[in-house]
Amino acid sequence: MAGNGNGNGTGTIAIKNGYVFDPLNEIDGEMMDVFIKNGKVVRELTDSEMKDAKVIDAKGMTVMPGGVDSHSHIAGAKVNGGRMMRPEDSYKWNRKKTSLTHSGSGYTVPSVYLEGYEYSQMGYTTVFEAAVPPLEARHTHEEMRSIPMIDTGGYLVLGNNWFIMRYLRDGEMDRACAYVAWMMKTHKTYGIKCVNPAGVENWGWAENVGSLDEANIHFGITSREVIEGLCEINERLGLPMAMHLHCNNLGQPGCYEITKDSLKIPSQIRPNQNLDVEWAETKVDPARQESVYLTHAQFNSFGGTSWGDFESKTKEIIDYVNKTDHVVFDSGCVPFGEATVMTGDGPAIHNLYALTGNKWSNTDVELECGSGVLPFTYLKSNAIHSVQWAMGLELLLLVNDTWKTIMTTDHPNGGTFLKYPLVMAWLMSQAARNATFDECHAWARDRSDLGAVDREMSLYDIAILTRANTARTVGLSHRKGSLGVGADGDVTIYNIDPKSLNPRDYENLAKSFAQAEYTVKDGEIVSRRGEIVAIPEKRTYYVDVNVKDAGTNEMLADVKEWFKYYTLGFAHYPTPDSYLMNPTPIAVNAEEA
Ligand SMILES: [Zn+2]
């Protein structure tokens with residue numbers, strides 16, 4: 001691989017005269033220069049440094065920090081399951097090999113190489129895999145390691161983990177905290193993911209849970225107790241990101257109610273992000289205010305009692321988020337077209353199988369979690385899909401404070417990340433939304449509020465949704481999502497002139513977002529108008545939580561005792577450093593909590 005070797009960045013570059021959008025530093029389209037030295041943003045370069053620096057003239061263009069995706073499915077067993085299930089996917093999108101790049105193929109579930117190239121081409125430099133089953137951590141890291149161009153990290157699935165359920169049921173919070181800290185380090189993962197808490201375990205018995213207070217089979221714990229427990233552990237440990245929640249009953253008519261009730265559970269839990277890191281300069285307080293991160297909110301906001309009276313209930317979620325400060329969400333937008341639905345929520349996928357008859361797969365990950373995969377196509381002619389399209393956009397357009405929201409498609413569940421540019425165009429252009437209303441089912445207008453929304457987002461808003469707030473939410477704003485002094489030298493330059501931007505020209509806007517003029521990573525130009533021009537080594541982030549030793553040994557003795565129920569030997573459980581490209585621990589001080 002070409003590049004700077006250690007992934008720490010040796011690039012020195014000056015980006016001159018661009019219109020800069022850097023919300024973490026409250027810079028809103030100011031014409032200014034950005035300087036990067038040895039891979040990090042600096043205030044200026046000396047005359048002699050300028051002589052050696054690469055210079056980009058960004059006159060008339062938009063400059064933002066590199067894109068950060070906080071929820072995407074790009075690596076691991078279920079992603080690979082998706083690739084295997086649909087060979088036809090590889091005919092639909094591919095890239096030829098060049099002297100620098102591998103070839104790659106796949107539209108909804110691209111190969112690892114293509115994932116890196118395509119994200120980079122769009123201006124993204126950091127992407128988080130949203131679900132890592134502990135037992136699949138080695139596999140997930142092997143794939144993440146092979147994804148070029150982008151820094152990565154993964155969230156550990158814990159909402160139906162036997163140890164967690166047992167410790168929480170027995171009120172052993174210290175042991176649960178020691179376990180999570182040890183698990184993060186053992187599997188080199190970044191945050192807590194909770195999928196259909198208490199329900200996925202029931203799915204092992206062909207059941208689910210239908211309410212927050214239903215005790216699950218064998219463990220006798222409720223989803224309310226799991227959510228509360230994991231949120232509390234998250235803050236006692238001082239983790240970078242709030243607990244990452246995929247609510248119960250996802251994808252079922254009426255599920256907005258359980259979503260709203262779930263969001264209330266951590267309302268009294270105080271956020272406590274306690275990172276021992278070097279912070280880049282930011283004007284906005286980089287610390288997170290939220291104690292829960294609701295993911296793919298669209299899929300959790302269904303109204304109605306059946307598909308016959310299905311409607312958007314995003315208003316209920318939006319109103320709650322507007323009046324509280326402890327929730328952040330990503331949207332899970334549905335941009336129409338082909339998708340591959342994949343989730344740790346096995347029963348949700350089974351419901352979709354029952355509905356569509358499409359091929360599906362289902363996996364039980366012993367003692368830990370499970371997953372399901374199913375190819376799916378969202379059609380403009382379909383009433384439900386059309387409402388879902390409107391819902392994803394409503395969620396982003398109607399929350400008053402953009403800093404509570406993040407743009408995703410829950411790739412590849414709502415649609416492929418390749419459609420992000422289209423979502424941005426819809427957010428920025430009422431004309432674009434009206435054009436789609438004209439093409440899709442009338443329910444989109446009749447059963448959502450989107451038709452009445454005249455908000456057109458600015459480039460500043462887009463920079464919050466795709467960079468500043470994603471980085472802040474996952475606790476990486478000390479180096480990502482910002483162009484403050486000390487931040488990583490990750491920059492996107494779009495060929496969009498904010499002075500002549502016309503929302504009615506949304507097709508060109510989407511084209512410009514799809515192919516960054518330049519993507520700069522660690523101060524090095526890595527892609528240029530869709531062509532990959534350098535492949536620096538990437539990093540893998542995980543959290544290294546510093547907990548008191550007391551209790552850790554007893555916890556480990558208990559874990560080893562229960563390993564008799566695993567089909568794997570304890571010694572093979574951890575993921576060694578060698579599985580990661582440039583392992584980059586984020587130090588967390590639980591003891592000062
Ligand atoms: Zn997801």
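Since the structure is predicted, the reported quantities are computational estimates derived from the model, not experimental observations.

## Observations concerning the overall build of the chain
Inference 1: The number of helices and strands found in the chain is 18 helices and 26 strands.
Inference 2: Counting every position in the chain, which comprises 593 residues, the buried fraction comes to 64%.
Inference 3: Element-wise, carbon and sulfur atoms account for 46% of the exposed surface of the chain, whose accessible area totals about 20400 Å².

## Some points on the coordination of the zinc ion
Inference 1: The protein atoms donating to the zinc ion are His71 (NE2), His73 (NE2) and Asp410 (OD), with metal-donor distances spanning 2.1 Å.
Inference 2: Sequence spacing of the donors to the zinc ion: H-x1-H-x336-D. One end of the pair, His71, is in strand 6 (residues 67-72); the other, Asp410, is in the loop between strand 20 (405-406) and helix 13 (420-428), and 339 residues separate them in sequence. For the pair shown, His71 and Asp410 are each scored as buried.

## Side note on the packing of aromatic side chains
Inference 1: Per the stated rule, a full pass over the model turns up 30 aromatic pairs.
Inference 2: Pairing Tyr179 with Trp182 gives two aromatic rings, centres 6.3 Å apart and planes at 40 degrees, and the pair type is tilted. Taken together, the residues span about one helical turn, with Tyr179 and Trp182 both in helix 6 (residues 173-187) at a distance of three residues.
Inference 3: Summarising the aromatic geometry, the rings of Trp182 and Phe570 are spaced 6.0 Å apart at their centres and angled 5 degrees between planes, so their arrangement reads as stacked. One end of the pair, Trp182, is in helix 6; the other, Phe570, is in the loop between helix 18 (552-562) and strand 26 (583-589), and 388 residues separate them in sequence.
Inference 4: Looking at Trp182, the relative accessible area reads 15%, which means it is buried.
Inference 5: Through a chain of ring-to-ring contacts, three or more aromatic side chains come together here, namely Trp162, Phe163, Tyr167, Tyr179, Trp182, Phe219, Trp562, Phe563, Tyr565, Tyr566, Phe570 and Tyr573.
Inference 6: The side chain of Arg166 reaches across the aromatic face of Trp562, ending 3.6 Å from its centre.
Inference 7: Positioned over the ring face of Tyr124 is Arg467, at 5.9 Å from the centre of the ring.

## Things to note about the environment of Glu456
Inference 1: Assignment of secondary structure puts Glu456 in the loop between helix 15 (443-446) and helix 16 (459-474).
Inference 2: Those residues in contact with Glu456 that sit more than four places away from it in its chain are Leu427, Met428, Ser429, Gln430, Ala431 and Pro503.
Inference 3: Among the polar contacts listed, one links the side chain of Glu456 to the backbone nitrogen of Gln430, at a separation of 2.7 Å.

## Notes on the sheet that holds strand 19 (residues 369-378)
Sheet strands pair by backbone hydrogen bonding; their relative direction is either parallel or antiparallel.
Inference 1: Read across the sheet, three strands follow the order 17-19-18 without closing on themselves; strand pairing throughout is antiparallel. Two strands lie at the open edges of the sheet, namely strand 17 (337-343) and strand 18 (361-365), each paired on one side alone. Across this sheet, the average inter-strand angle for adjacent strands is 15 degrees, counted without regard to direction.
Inference 2: Two strands pair when backbone bridges link them, and strand 18 and strand 19 are joined in this way by five bridges, in the antiparallel orientation. Each residue of the ladder has a partner; that of Ser361, found in strand 19, is Val373.
Inference 3: Sheet strands touched by helix 2 (residues 77-85): strand 17, strand 18 and strand 19. Its angle to strand 19, the strand with the most contacts, is close to 40 degrees.

## Here we look at the pairing of strand 26
Inference 1: Here strand 25 (residues 540-546) pairs with strand 26 via seven bridges, running parallel. Looking at strand 26, one finds that Asn546 is bridged to Asn589.
Inference 2: In this fold, the crossover linking strand 25 to strand 26 by way of helix 18 has right-handed handedness.

## Some points on the nonpolar core
Inference 1: Core analysis: the largest hydrophobic core is formed by 143 residues, its most contacted members being Tyr179, Ile233, Trp389 and Leu427.
Inference 2: Counting contributing residues per domain, this core is built from domain 1 (13-64 + 482-532) and domain 2 (157-474), each supplying no fewer than three.
Inference 3: If you look at the next biggest cluster of nonpolar residues, it comprises 19 residues, including Ile27, Ala58, Leu483 and Ala487.

## Quick word on unusual backbone geometry
Inference 1: Following His411, the chain continues to Pro412 via a peptide bond in cis, the omega torsion being -5 degrees.
Inference 2: Its place among the elements puts Pro412 in the loop between strand 20 and helix 13.
Inference 3: One non-glycine residue, Asn38, adopts positive backbone phi at about 50 degrees.
Inference 4: Note on placement: Asn38 falls in the loop between strand 2 (27-37) and strand 3 (40-42).
Inference 5: For Asn38, a relative accessible area of 44% puts it in the partly exposed group.
Inference 6: A positive phi is found at Phe336, a non-glycine position, where the angle reads about 70 degrees.

## Details of the side chain of Thr189
Inference 1: When you line up the elements, Thr189 lands in the loop between helix 6 and strand 11 (191-195).
Inference 2: In this view, Thr189 contacts Val132, Gly154, Leu156, Met183, Met184, Tyr542 and Val543; residues no more than four positions away in its chain are not counted.

## Quick look at the pattern of salt bridges
Inference 1: The full count for this structure, using the stated rule, is 39 salt bridges.
Inference 2: Here Arg86 makes a salt bridge to Glu338, at a shortest N to O gap of 2.5 Å. Of this pair, Arg86 sits in the loop between helix 2 and strand 7 (94-95) while Glu338 sits in strand 17, placing them 252 residues apart in sequence.
Inference 3: With a closest N to O distance of 2.6 Å, Arg539 and Asp151 form a salt bridge. Of this pair, Arg539 sits in the loop between strand 24 (531-532) and strand 25 while Asp151 sits in strand 10 (residues 151-157); the two residues are 388 residues apart in sequence, bridging distant segments of the chain.
Inference 4: What emerges from the salt-bridge pattern is a single network uniting Lys40, Asp151, Arg479, Lys480, Asp488, Asp490, Lys521, Asp522 and Arg539.

## Some points on the domain arrangement of the chain
Inference 1: Segmenting the chain into domains produces domain 1 (13-64 + 482-532) and domain 2 (157-474).
Inference 2: When each unit is reduced to the centre of its C-alpha atoms, the spacing between domain 1 and domain 2 is 31 Å.
Inference 3: At the junction of the two partners, domain 1 supplies 27 residues and domain 2 supplies 23 residues.
Inference 4: Both faces considered, domain 1 and domain 2 share a buried interface measuring about 2200 Å² in area, 71% of it formed by carbon and sulfur atoms.
Inference 5: At the boundary of domain 1 and domain 2, one finds one salt bridge.
Inference 6: One salt bridge in this structure joins Glu281 and Arg43, with 2.8 Å as the shortest N-O distance.
Inference 7: Remark: the boundary between domain 1 and domain 2 carries nine residue pairs in polar contact (both at pLDDT 80 or more).
Inference 8: When residues of the side of domain 1 that touches domain 2 are traced back to their parent elements, those giving at least two are strand 2, strand 5 (62-65), strand 21 (491-494) and helix 17 (506-514).

## Looking at helix 18
Inference 1: Inspection of helix 18 places Thr552, Met555, Leu556, Asp558, Val559 and Trp562 among the buried residues, and these make up the whole buried set. All buried residues of helix 18 project into a common sector of 160 degrees when viewed along the axis, lining one side. Looking at helix 18, the residues exposed on the side facing more than 90 degrees away from the buried face are Asn553 and Glu554.
Inference 2: Where helix 18 is buried, its residues contact helix 5 (162-169) and helix 6.

Conventions adopted
- Residues numbered from 1 in each chain as written.
- Predicted model: local features only at pLDDT ≥ 70, side-chain atom pairs only at ≥ 80, totals over all residues.
- Heavy atoms only, no water.
- Helix = DSSP H or I, 4+ residues; strand = E, 2+ residues; numbered from the N terminus.
- Buried < 20%, exposed > 50% of the residue type's maximum accessible area, 1.4 Å probe, protein only.
- Areas by Shrake-Rupley, 256 points an atom, 1.4 Å probe, with all protein chains shown as cover.
- Donors = N, O, S within 2.8 Å, 3.2 Å for Na, K, Ca; no water.
- Phe/Tyr/Trp six-rings, centres within 6.5 Å; stacked < 30°, edge-to-face > 60°.
- Lys NZ or Arg CZ within 6 Å of the ring centre and 35° of its normal.
- Contact = heavy atoms within 4.5 Å.
- Polar contact = N/O pair within 3.5 Å; in protein donor to acceptor, adjacent residues only side chain to side chain.
- Pairing = 2+ DSSP bridges.
- Axes fitted to C-alpha atoms, helices over the stretch in contact; angles between N-to-C directions.
- Right-handed = clockwise from strand over helix to strand, strands pointing away.
- Core = buried A, V, L, I, M, F, W, Y, C linked by side-chain atoms within 4.5 Å.
- Domains from an automatic or database assignment.
- Salt bridge = Lys/Arg side-chain N within 4 Å of Asp/Glu carboxyl O.
- Buried area = accessible area lost by both parts, 1.4 Å probe.
- Arc of directions from axis to C-beta.

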